[in-house]
Structure formats: C-alpha cells, structure tokens
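# A closer look at the structure
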Amino acid sequence: MRRQLAVLAAAFVITLPLITPRIYASDEVQYFAYLRSLWFDQDVSFENEYQHFWDANIARSQGFHETYLERQTETGRRISFATIGTAILWSPFYAVADALVGLGLAGGGIRDGYGPPYVRAVAFGSAVYGWLAIVIGWAMAHRLGLGRGALAAALATWFGTPLIFYMFVAPPMAHACQAFAVAAFLFVWLFVRERWTIGGGVALGAAAALMVMVREQDLLIIIAPALDWALGWWRAPEDTLGPPRRRLVWHALAGGAAFAIGYAPQLLAYQALNGYPFPSRLVVRKLNWFAPHAGGVVASPEHGLVFWTPLVLLAIIGLAAGMAGRLGWAAQPTLTRRRESASTAWIALCLLLAFASQVYVAGSVESWTVAGAFGQRRFVGLSAVILVGLAGLWPMAHYRGDRGAARTRMAVVALLVVGTWWNLGLMAQFGGGLMDRQRLTLADNAYHTFVTVPRRLPELVYRYVFARHSFYAPPSSTAPAPAPTPQ
C-alpha cells in the first residue's frame, strides 16, 4: 500500500502544472461568489461579485445578466443556485491566499478577493480534493479486499473519467469537491458499520451534512448506509430493544442530530438569500420526480453517461459481480455478524443503489443533458464508487485458473487503457474545438480520438502548456451557450 500511495502522490505532484486557475462559466462564478461574499462581506448578497465578473468580461454567456443581475429573490437579493459546501472546503486555501496577499507575498496582488492569488487558491483546492477522492476510493478498495486492482483502478478513475477535467481544466466548479465529500462519507460508513456506535453516528451525520452542502443531489446517497443500518436492525438477535438494537437506535439519533447541526449553515444561508430555508423554487420547478430522462442520462448516444465515460460500464460490471458473490471482497464484520465476514454482496448492492440514486436524480432534472458541459458531470461525485467497481474486476480473473486469469487481466488492462484514452481524447476535442460541445457525435468523436488527436498530440500538448487560453474560445461549429439553468 505504501508503494501504491507513493505512486498516487507522485502522479499528483507531476500533474500540478495542469491546473488551470481561471473562472469562466456562470456556475464557477456562483461558487466563487459564495466564498468571496462570506469572507469579505460576511453575507450572502452576491450582486457585487456578479457585477465584478460581468464588468471584467468573464461571465458574458447568454442569459447571465438577466439571470443573475436582474432577477431577485423574495428577500431582494440576487439569485444563486450554488450551495455553501464548496465555499467551506475551499476556505482554508482561500485563507492562505488572503494572508499572503495581505503580507505582500503574493506577487503584488490586491486584497480584494478576486485576483489571481484567490483564483489559484480555489483551483488548487479543487485539485487537492479531487486527488483525495481518489486516495479515499483507493483506500476503500483495499478495505474491501480489492487491493490487487486498486492502483490501476485509481489511475483509470482519475484520468479516465471527467474528474480530471474538473480537477485541472475547470477547478472552480464544485465537482472535484463533490467527489471528495461523497468519498469521505462512504469511507466513514465502511468504518461505522462495524459497530454502529454513537460516535460513529456523529461522524456519519457530519460527513453526510458536508456531502449534501456541496451538492444537494447527493442526499440520496445516504440510501447506502440507511439500508445497511436497516439490515443490522432486522438481523439483531433480540426481539426487543436489547443491546444491539439499542445501540443502533442511539447511533441513528446521534447521526440525525449531527446532520441537523452540520447542515445548519446551509439552512441559514437559504433563509437569508431566499426568505425560506430551502433552495430556490426555480430549482424545484425544473424537477420531475418520475425521472422521465433516466434512460437518456445513462444510454443516450449524444449525452449518455456510458458513452461519455465507458469505464462506468466496467465499474457497474465489477459491482454487479461483487453483488453476485463472484469477487473475493473481504469487508469487516458488522455488529450483528461478528463471527463471519460481512456480506460483501450486500455492500456491492448498497453501492449500486447509491449509483442508481444519482441516475434517478439526474433523470429528474429538465436539463438532464448538461449540454455544453464536459461529460455527465453530475456523476463525478461517484468517483470512489466507480473506483471500487473497477478494482472489483481484478478478482474475477482468479476464478478462471492461471492461464485464464492472465488473459482476463490483460483484457481488463486493455479496456482500462482504451477507456482512459477515450476520456482524454474527448477532453482534447472539447478544448481544441474538434467537437460539438453540446453533444457527442460518436463516429466523429471516435475518429478524432484514435486518429486526429494522436496525430496532433504534440501540438495539443504545446498549446496546453504554453498557450492554454487557446482552448477556451468556443469552436465556430458550436451553438451559442445556453442561458444558465439551476444545477
């Protein structure tokens, strides 16, 4: 494990120059505005932040002025669809930048909260949190007995999914922080489920509060530990509130209290911003809880998750195999099953249900295509789940004998390499103006990924290192940017 962790750490250090410290899109402005306003103005009134980015010709997409500088909430403030969790996670890095600027150690930056030192701070923060999400997912794989494939799965998840885009190319978005928050929550669950103690309930509730404050859609991921808790209750040996069940009850109460306390900052922010302790009603109006777009979210050839990120399909296979008992997972025992290993099939099922919950949420949103964004970005939060699923492919090889195992491992490695290159190829096309940013066109994308990008690789690398701004101009074939919508 030390060698594997050293590889991950070295890879992060080597890739640090890939971080792009810039704010570009309306969503990035909203998340940054939350932090800047809380830090300098001690409020959630974002008009001066929005006006700054408009005047600086940064946020000039279609509809930005009408949405964020003309509309008002019930309290007379400007609208924000962002949440407070990302600002909380960025704040340590932002504080360091502010201190350096105040001391005159940040290249002469002005202490206004907007300048390059502040933007670099949040960009670096997102990269750190994205890397931590990978490390936590890697640790989860080891804890589940999937160490043989953990490193390869970690590298594939890092470079073969949109996580890398939101770590290095668009770090002021919330998705790298989201990946960290979800990974931390699931990792806490794997420890807490051993005994379901009061302290464990507090830790799990606090982790859940942070996760939901970063991206509210992740509330449904709580289904994994909730079902696990329910199974523990059902299998408890006592018919009455004996010691195991009493402990489970106190665990749940402690977790609920910790969640309520931890989530209070978001409720207070909503109250001040909207006049009620809930998200903007504009968000709710764009939801159809029957999830009519769930199929398209997964399988649409133009916008579907498995076409943007084929490695997700492999991860689902790995989790499904674990659910069927075909993998050699080795989880820790639960409170109610002390004398035997926990049902690893059950853990795999819980992770699959967590994945399904995000399909449901994404399929319920009117803007399910996330057209104009890189990939089905609402699934970046599941990076740790994808990593565990990919690591779960390795034990399958050991059910086929020595010769079959070697062939299976080679096939798995080949698929991981191809899937990773597909993601990197799409990133090159997305930034280099070689694709329609509003949708996939699979035949063209495949040609560019496996023919055009390899031919132009030196040029693309040079541009990213020395002329990175050349990737930001929308290609002429791309439709105008759509009006901002609630995320």
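Refer to the structure presented above.
Residues numbered from 1 in each chain as written. Predicted model: local features only at pLDDT ≥ 70, side-chain atom pairs only at ≥ 80, totals over all residues. Heavy atoms only, no water.

## A short note on the overall build of the chain
Scanning the chain for helices and strands turns up 20 helices and zero strands. In the chain, which comprises 487 residues, the share counted as buried stands at 55%. Contacts in the chain between residues at least 24 apart in sequence constitute 75% of all its contacts with a sequence separation of at least 6. In the form shown here, the chain has an accessible surface area of approximately 20200 Å², with 66% of it arising from carbon and sulfur atoms. (Helix = DSSP H or I, 4+ residues; strand = E, 2+ residues; numbered from the N terminus. Buried < 20%, exposed > 50% of the residue type's maximum accessible area, 1.4 Å probe, protein only. Contact = heavy atoms within 4.5 Å. Areas by Shrake-Rupley, 256 points an atom, 1.4 Å probe, with all protein chains shown as cover.)

## Describing the environment of Gly 433
By the element assignment, Gly 433 lies in the loop between helix 19 (401–432) and helix 20 (442–466). Taking C-alpha positions, Gly 433 is 7.4 Å from Phe 471, a pair spaced 38 residues apart along the chain.

## Thoughts on the pattern of salt bridges
A pair can form between side chains of opposite charge whenever their charged atoms are brought close. Scanning the entire structure with this criterion turns up 13 salt bridges. A salt bridge links Arg 36 to Asp 41, with the shortest nitrogen-to-oxygen separation between them at 3.1 Å. Of the residues examined, Asp 41 reaches a relative accessible area of 27% and is grouped as partly exposed. Among the ionic pairs, Arg 456 bridges to Glu 459, the shortest N-O distance being 2.9 Å. Taken together, the positions of Arg 456 and Glu 459, both in helix 20 and three residues apart, correspond to about one turn of that helix. Exposure remark for Glu 459: the relative accessible area of 35% places this residue in the partly exposed category. (Salt bridge = Lys/Arg side-chain N within 4 Å of Asp/Glu carboxyl O.)

## Overview of the packing of aromatic side chains
Within the structure shown, the criterion is met by 32 aromatic pairs. For the pair Phe 64 and Tyr 68, a centre-to-centre distance of 5.0 Å together with 45° between the ring planes defines the contact as tilted. Of this pair, Phe 64 and Tyr 68 both sit in helix 4 (residues 64–68), four residues apart, roughly one helical turn. Judged by relative accessible area, which is 1%, Phe 64 ranks as buried. Their ring planes at 85° and their centres at 5.7 Å tell us that Phe 93 and Tyr 129 sit as a pair that is edge-to-face. Here Phe 93 is found in helix 5 (residues 85–102), whereas its partner Tyr 129 is found in helix 6 (residues 116–143), with 36 residues between them in sequence. One exposure class covers both Phe 93 and Tyr 129, and it is buried. Taken together through their ring pairs, the aromatic side chains of Phe 32, Trp 39, Phe 40, Phe 53, Tyr 94, Tyr 114 and Tyr 118 make up a single cluster. Here the guanidinium or amino end of Arg 245 rests over the ring plane of Trp 233, the centre of that ring lying 4.7 Å away. Above the face of the Phe 430 ring, Arg 437 is positioned so that its terminal group lies 5.1 Å from the ring centre. (Phe/Tyr/Trp six-rings, centres within 6.5 Å; stacked < 30°, edge-to-face > 60°. Lys NZ or Arg CZ within 6 Å of the ring centre and 35° of its normal.)

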